[in-house]
Protein chains: 2
Amino acid sequence: MSQYGTLEERVRRKSLLSKVMKPEDCVQFFKPGMNIGCSGFTPAGYPKAVPIALADHVEKNGLQGQTKYNLFIGASVGVEFEDRWASLDMIDRRWPYQTGKNIAKGINTGKIRMGDKHLGHFAQDVGYGFYTENGRMDIAIIEVSAINEDCGLALTSSCGIVPELMMVADKIIIEVNTGQPSFEGMHDIIMQQKPPYRQPFLITHATQRIGTPYVPCDPEKIVAIVESKHRDKGRAFAEMDEKSEAIAEHILDFFHHEVKKGRLPKNLLPLQSGVGSIANAVVGGLVKGDFYNLTVYTEVLQDTMLDLFDSGKLDGASACSLSLSEDPGFPRFFDNWDKYFDKIVLRPLSVSNAPEPIRRLGCIAMNTPVEIDIYAHANSTLVGGTRMINGLGGSGDFLRNGYLKIMHTPSVRPTKTDPTGISCIVPHCSHIDHTEHDLDCVVTEQGLADLRGVAPKERARLIIEKCAHPDYKDQLLDYLEMATKSCLERGVGHEPQLWDRAFKMHLNLERNGTMKVKNWDVKIDLCE
Amino acid sequence: MSQYGTLEERVRRKSLLSKVMKPEDCVQFFKPGMNIGCSGFTPAGYPKAVPIALADHVEKNGLQGQTKYNLFIGASVGVEFEDRWASLDMIDRRWPYQTGKNIAKGINTGKIRMGDKHLGHFAQDVGYGFYTENGRMDIAIIEVSAINEDCGLALTSSCGIVPELMMVADKIIIEVNTGQPSFEGMHDIIMQQKPPYRQPFLITHATQRIGTPYVPCDPEKIVAIVESKHRDKGRAFAEMDEKSEAIAEHILDFFHHEVKKGRLPKNLLPLQSGVGSIANAVVGGLVKGDFYNLTVYTEVLQDTMLDLFDSGKLDGASACSLSLSEDPGFPRFFDNWDKYFDKIVLRPLSVSNAPEPIRRLGCIAMNTPVEIDIYAHANSTLVGGTRMINGLGGSGDFLRNGYLKIMHTPSVRPTKTDPTGISCIVPHCSHIDHTEHDLDCVVTEQGLADLRGVAPKERARLIIEKCAHPDYKDQLLDYLEMATKSCLERGVGHEPQLWDRAFKMHLNLERNGTMKVKNWDVKIDLCE
Ligand SMILES: CC(C)(COP(=O)(O)OP(=O)(O)OC[C@H]1O[C@@H](n2cnc3c(N)ncnc32)[C@H](O)[C@@H]1OP(=O)(O)O)[C@@H](O)C(=O)NCCC(=O)NCCS
Ligand SMILES: CC(C)(COP(=O)(O)OP(=O)(O)OC[C@H]1O[C@@H](n2cnc3c(N)ncnc32)[C@H](O)[C@@H]1OP(=O)(O)O)[C@@H](O)C(=O)NCCC(=O)NCCS
């Protein structure tokens, strides 16, 4: 028993107590090739005890590479699960997002087949049965806080795709987490019907509740109840740096400007913000700033949100997960439970990331890309157009449907040999996840380019002028002028590009460790 | 007076009769540089009399290039308006879509600044005031069937962005079209509030009505009432050809398969289909096929929809416009008015193309791209990545939010010297409007690739195998293998590409008139 109560107290559906077993006893339920669905989201609320037991089993018995599974989880989970599984060669397919050095290596060397999807699509598509041959999951592993008398699941720090898994899973293993307080009551669950029977999500305010706190679960499908005391392995935040603060300042200035112009209300609109140090800095800016009665409608709530709550400026927040750091995030949250609990609503991914509420509420979407091009296409996923980092996440859900769609990035990143060797503003993105039709603003520490109502060639000038690093301004301008001249002469110049050299900066990075090119000349021999 | 009634009968708000004037008398209201918003959509329901009078005025007085306007219209309008204006150099900015040889030429030679936007975004963004300095339109020209006693506008063959224009226009000119029957009662109009006050669109069936038949209009803003007898200049359909029919057959087979698998109901889900001969053929296939009680939730209704109604298989259709051909489409429609009228709902663009109903209803989205790449990114707008054809239209609204997202294209197109000189399947799209995260199926006359749940490298194989033309299969496979080998070796192979030759097919087309390359060799000298 723990300070947070016993398993018996948490499992109020008493008939289930006969199914209690140890994590290692669950190994029997798994067969190679199975499709496994789990709770969890960027790493919060994922099962830990059973996945760890499975990994131990593989390691102890030298079964690496002989027991591969297909993993379908709302977003990334902790390193002790997916990254360890990857290093033990236990993953064949992984949908739709991941984090970790080993799993990324598996994906980029061709060992793991990853599918990268809009998270908001993924959730519903699992319910539609689009990902497996028979449309079902062989087994689902779900972390819960409690199970009520009706076999309703009270989830933990995230909702992920649990409602959809309940519809398609053949067997269910439940991990009851007694190593932390129960999150019972924080979730707002609705079970969606499939088209043509779907109903509206009647959310007209960020934290409005439209469902119940429990995910209905068929008790006959439950094959095991396991007690777990593992905490979510959320990492502490990247420190704010000067660049991030400069970016945050540009964004806050822009908000003030929009309020003055009458295009934003005084308390802004519900905020969505991505992950990393820039998102962090923007929230930091709001903590110190003079906007009040803010709301958040987003995907993940991270540590700095606690600061924003503490500042008294944030009225409430809706998200798919509470992705606090293991330390100091969660301990701080647990110690101040009453202060935060009522102000947070956790929703299933299929609601948190659905176009419907995002667009109706008019979210302000802010995310960090890998690179952006002069016409405002953005790459969120593949370095050099081929190497997967984490995945698309919900960036597209929010950047397509928000009221204002903002991408923020440092203007440059260092390479081993050149502190400004990578320009995050390029002639043409090496992979495109968000198109020019989606983005409203691009921001770097250099400045903010407001692209609304601006045609491509002017947009390019604006982005170069406002956002590119001084080391790259002339170079990019040269490219734009050269491409414009050539394309207009040929009458093909709506959005000028020269395909023999559009990627010269990328190729130069590959070969010479920097995107700084000496000139734009290039000789191509097609060798025919 | 005409067989369809008099102006006096159509204008039931009697005080407006004092503002009746001739089209040429409206020229006084226009000043160079003005922002003009119009009714109309792919070319239906646009004003004609006043735009023609303005063009005549410019032509007669040799004012070409001295009287440029910014044009904001839901989608394309007839050649006698935007294309003639372009040839008279009367357009500075044009948002968000267009059709016509002269306007395309103006755009691609840098004379006209075009902004290409998701139509569903454009509508709301006009209401948000994102496109002009002060957020307003100087003048709006609206074609109507009638004006009721409350100054409610009964529109004609489309709704476009009229509701938003009512919110932002300073002056309004009304063209009352007495040259055709009144469409009064066919429209379902709701005036949306801006966030945070937006309300749900409670549409749970394709043709469900949620509004009123009239657009509320402030009579004091109306500066002129003009009578018009011009008909919409919709072009007759491209004839079906063998390729289109083969594509349609693959799609219908796929529908049958999905019904069998239980992933589609027997009467399918609401259909959205694009423009052109393939869309035509798909509808043709449904006319002959064995699906009943179909519904359509789309953007434009074209001539073949009348066949589908006549077949008794289509229960009802919702769209933003009734884009029938001038002949035989509209005469056929008018002659059988009672047969069609009750089954059609015309909605504002901001509703027809909103993610909310498209996703809730679960539309089956089908559109034709310029090219698709092996990883399933699609180019809908820019030939060679730089030359604008028409624009994105609503393709993204539907391809992002549908239940099934299908792109169909011939596998090849001819060049002057090679009947299969252009492969519509390429290693990497020269422009990306729809990402790999959005598309479910790619179809050519060769076959259908079902990409759901398929990871990138397998996806590439599937698309090449099922969809590429035999003339290009080996060539594309060679590229894929070469790129895969190189990227996996370097541990950067989630989605293999080689930037020194990814566009070799495009460059070869430019230089040698065909995408058939003799080999994949390429020597690049970065000239540094
Ligand atoms: C794109 C993304 C990784 C950037 O976040 P970040 O905190 O700035 O990322 P980091 O600085 O840690 O960079 C991650 C890696 O990508 C590399 N990278 C990033 N941009 C690069 C670029 N333009 N060129 C080359 N490498 C780049 C970094 O060097 C680093 O490489 P490493 O893992 O070998 O050290 C992150 O925002 C992301 O995953 N986005 C997609 C999902 C998303 O938007 N979620 C939010 C809404 S749900
Ligand atoms: C992309 C699109 C033009 C294809 O439609 P289509 O009927 O097959 O087009 P066409 O065969 O008439 O081709 C149009 C032009 O593009 C050229 N073209 C098309 N694909 C090409 C390719 N892959 N390479 C080079 N040229 C190409 C054609 O040769 C033709 O050129 P021309 O005007 O000089 O003769 C059309 O679907 C479109 O505009 N789509 C965007 C909007 C949309 O999807 N709307 C529907 C939902 S709202």
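Report follows, based on the coordinates. Since the model is a prediction, treat every value here as computed from it, not as a measurement.

Calculation notes
- Residue indices follow the written sequence of each chain, beginning from 1 at its first position.
- Throughout, the order in which chains and ligands are written sets their labels, letters from A for the former and numbers from 1 for the latter.
- Side-chain atom pairs in this predicted model are given and counted only at pLDDT of 80 or more, local residue features only at pLDDT of at least 70, and totals for whole chains, interfaces and linings cover all residues.
- Excluded from the side-chain calculations are hydrogens and water; all other atoms, namely the structure's heavy atoms, are used.
- Every helix listed is a DSSP run of H or I at least four residues long, and every strand listed is a run of E at least two residues long, numbered separately from the N terminus.
- It is over C-alpha atoms that the radius of gyration is taken, and the globule rule equals 2.2 Å times the number of residues to the power 0.38.
- Buried means the residue's accessible area, taken with a 1.4 Å probe over protein chains only, is under 20% of the maximum for its type, while exposed means over 50%, and partly exposed covers the values in between.
- By definition, residues are in contact when any of their heavy atoms lie within 4.5 Å.
- Computed by Shrake-Rupley with a 1.4 Å probe, the accessible areas treat only the displayed protein chains as cover when residues are assessed.
- Positive charges come from Lys and Arg alone, negative charges from Asp and Glu alone, with His and the N- and C-terminal ends not counted.
- Taken as the charge centre is NZ of Lys, CZ of Arg, CG of Asp or CD of Glu, depending on the residue.
- A least-squares superposition brings the copies together, and it is based on the C-alpha atoms of residues with pLDDT no lower than 70 in both.
- Each of two parts loses accessible area, computed with a 1.4 Å probe, when they are put together; buried area is these two losses added.
- By definition, a salt bridge exists where a carboxyl oxygen of Asp or Glu is found within 4 Å of a side-chain nitrogen of Lys or Arg.
- Pairs of N or O atoms are called polar contacts if they sit within 3.5 Å, as long as, within protein, a hydrogen donor faces a hydrogen acceptor (for residues adjacent in sequence, only side-chain-to-side-chain pairs).
- Ten residue types, Ala, Val, Leu, Ile, Met, Phe, Trp, Tyr, Cys and Pro, are classed as nonpolar, four, Asp, Glu, Lys and Arg, as charged, and the remainder, Gly among them, as polar.
- Here the rule is simple: two strands pair whenever DSSP picks up at least two bridges between them.
- Residues enter a nonpolar core if they are buried and are Ala, Val, Leu, Ile, Met, Phe, Trp, Tyr or Cys, with the set joined through side-chain atoms within 4.5 Å.
- Side-chain rings of Phe, Tyr and Trp (the six-membered ring for Trp) are treated as a pair once their centres are within 6.5 Å; stacked means planes under 30 degrees apart, edge-to-face means over 60, and tilted covers the remaining angles.
- We count a charge as sitting over a ring when the NZ of a lysine or the CZ of an arginine lies within 6 Å of the ring centre and within 35 degrees of the ring normal.

### Looking at the overall build of chain A
Scanning chain A from N- to C-terminus turns up 17 helices and 27 strands. Taking 2.2 N^0.38 as the reference for a compact globule, 528 residues should give roughly 24 Å; the C-alpha atoms of chain A span a radius of gyration of 24 Å, in line with that estimate. The principal-axis extents of the C-alpha atoms in chain A amount to approximately 75 × 60 × 45 Å. Split into buried and exposed, the 528 residues of chain A put 67% on the buried side. Long-range contacts, defined as pairs at least 24 residues apart, comprise 72% of the intrachain contacts of chain A with a sequence gap of at least 6. Carbon together with sulfur atoms contributes 49% to the accessible area of chain A, which is approximately 17000 Å² in total. Taken as two groups, the 60 positive and 69 negative side-chain charges of chain A have centres that lie 2 Å from each other.

### Remarks on the relation of the copies chain B and chain A
When chain B is brought onto chain A, the operation consists of a screw motion whose angular component is 180° and whose axial shift is 0.0 Å, with 0.0 Å RMSD remaining. Those values place the two copies in the arrangement expected of a two-fold rotation axis. Of all interface residues in chain B, 100% are interface residues in chain A too; the two copies therefore contact each other through one and the same surface.

### Regarding helix α4 (residues 101-108) of chain B
For an α-helix, the turn length of 3.6 residues means that residues three or four places apart are oriented alike. The complete set of buried residues in α4(B) reads I103(B), A104(B), G106(B), I107(B) and N108(B). Buried residues along α4(B) sit against α15 (456-467) and α16 (470-489) of chain A together with α3 (79-87), β3 (91-95), β4 (113-114) and β20 (387-388) of chain B. Just downstream of α4(B), G110(B) is the residue with a positive phi angle, here 90°.

### As for the interface of chain B and chain A
If you look at the interface, chain B gives 101 residues, while chain A gives 101 residues. Buried surface at the junction of chain B and chain A, summed over both partners, amounts to about 8900 Å²; 52% is from carbon and sulfur atoms. For chain B, the biggest contributors to the area lost against chain A are R359(B), H437(B) and W499(B); these three give 10% of the whole. A salt bridge links R113(B) to E458(A), with the shortest nitrogen-to-oxygen separation between them at 2.5 Å. For the pair chain B and chain A, the number of links is 54 residue pairs in polar contact (both at pLDDT 80 or more). A breakdown of the residues in the side of chain B that touches chain A according to their chemical character gives 36 nonpolar, 31 polar and 34 charged. Alignment of strand β27 (residues 523-525) of chain A against strand β27 (residues 523-525) of chain B, held across 3 bridges, turns out to be antiparallel. Counted as the bridge partner of I524(A) is I524(B) from β27(B).

### What to know about the side chain of K504(B)
Mapping K504(B) onto the fold places it in helix α17 (residues 504-512). Setting aside its immediate chain neighbours within four residues, K504(B) contacts L526(A), E528(A), V517(B), N519(B), W520(B) and D521(B).

### Considering the pattern of salt bridges
Residues and elements named next belong to chain A. Scanning the entire structure with this criterion turns up 67 salt bridges over all chains. A salt bridge links R136 to D170, with the nearest nitrogen and oxygen atoms 2.6 Å apart. On the criterion of sequence distance, the pair formed by R136 in the loop between α5 (119-128) and β5 (137-147) and D170 in strand β7 (residues 169-177) is long-range, its members being 34 residues apart. The class of D170 is partly exposed, set by a relative accessible area of 35%. Between K485 and E489 there is a salt bridge; the shortest N-O distance is 3.2 Å. Taken together, the residues span about one helical turn, with K485 and E489 both in helix α16 at a distance of 4 residues. In this structure K485 comes out as exposed when scored by relative accessible area, which is 55%. Here E489 falls in the exposed class, since its relative accessible area comes to 60%. Connected through shared salt-bridge partners, E258, R263, D450 and R452 make up one network.

### A short note on the nonpolar core
One broad trend across soluble globular proteins is that nonpolar side chains are buried collectively. Judged by nonpolar contacts, the single largest core of 100 residues is most densely connected at Y297(A), I374(A) and Y297(B). Sequence-distant contacts of I374(A), defined by excluding residues within four places in its chain, comprise I425(A), V426(A), P427(A), R459(A), A460(A), I463(A), I464(A), L476(A), Y479(A) and L480(A).

### Looking at the packing of aromatic side chains
For the structure on display, the rule yields 45 aromatic pairs over all chains. Their ring planes at 65° and their centres at 5.6 Å tell us that F183(A) and W337(A) sit as a pair that is edge-to-face. Placement of F183(A) in the loop between β7 and β8 (215-216) and of W337(A) in helix α11 (residues 337-340) is noted, with a sequence separation of 154 residues between them. Just as F183(A) is buried, W337(A) falls in that class too. Following the ring pairs from residue to residue traces out a cluster consisting of F183(A), F309(A), F330(A), F333(A), F334(A), W337(A), Y340(A) and F341(A). Between the NZ or CZ atom of R452(A) and the centre of the ring of F130(B), over which it lies, the distance is 4.4 Å.

So far we have only geometry, and geometry alone does not tell us how the molecule works.
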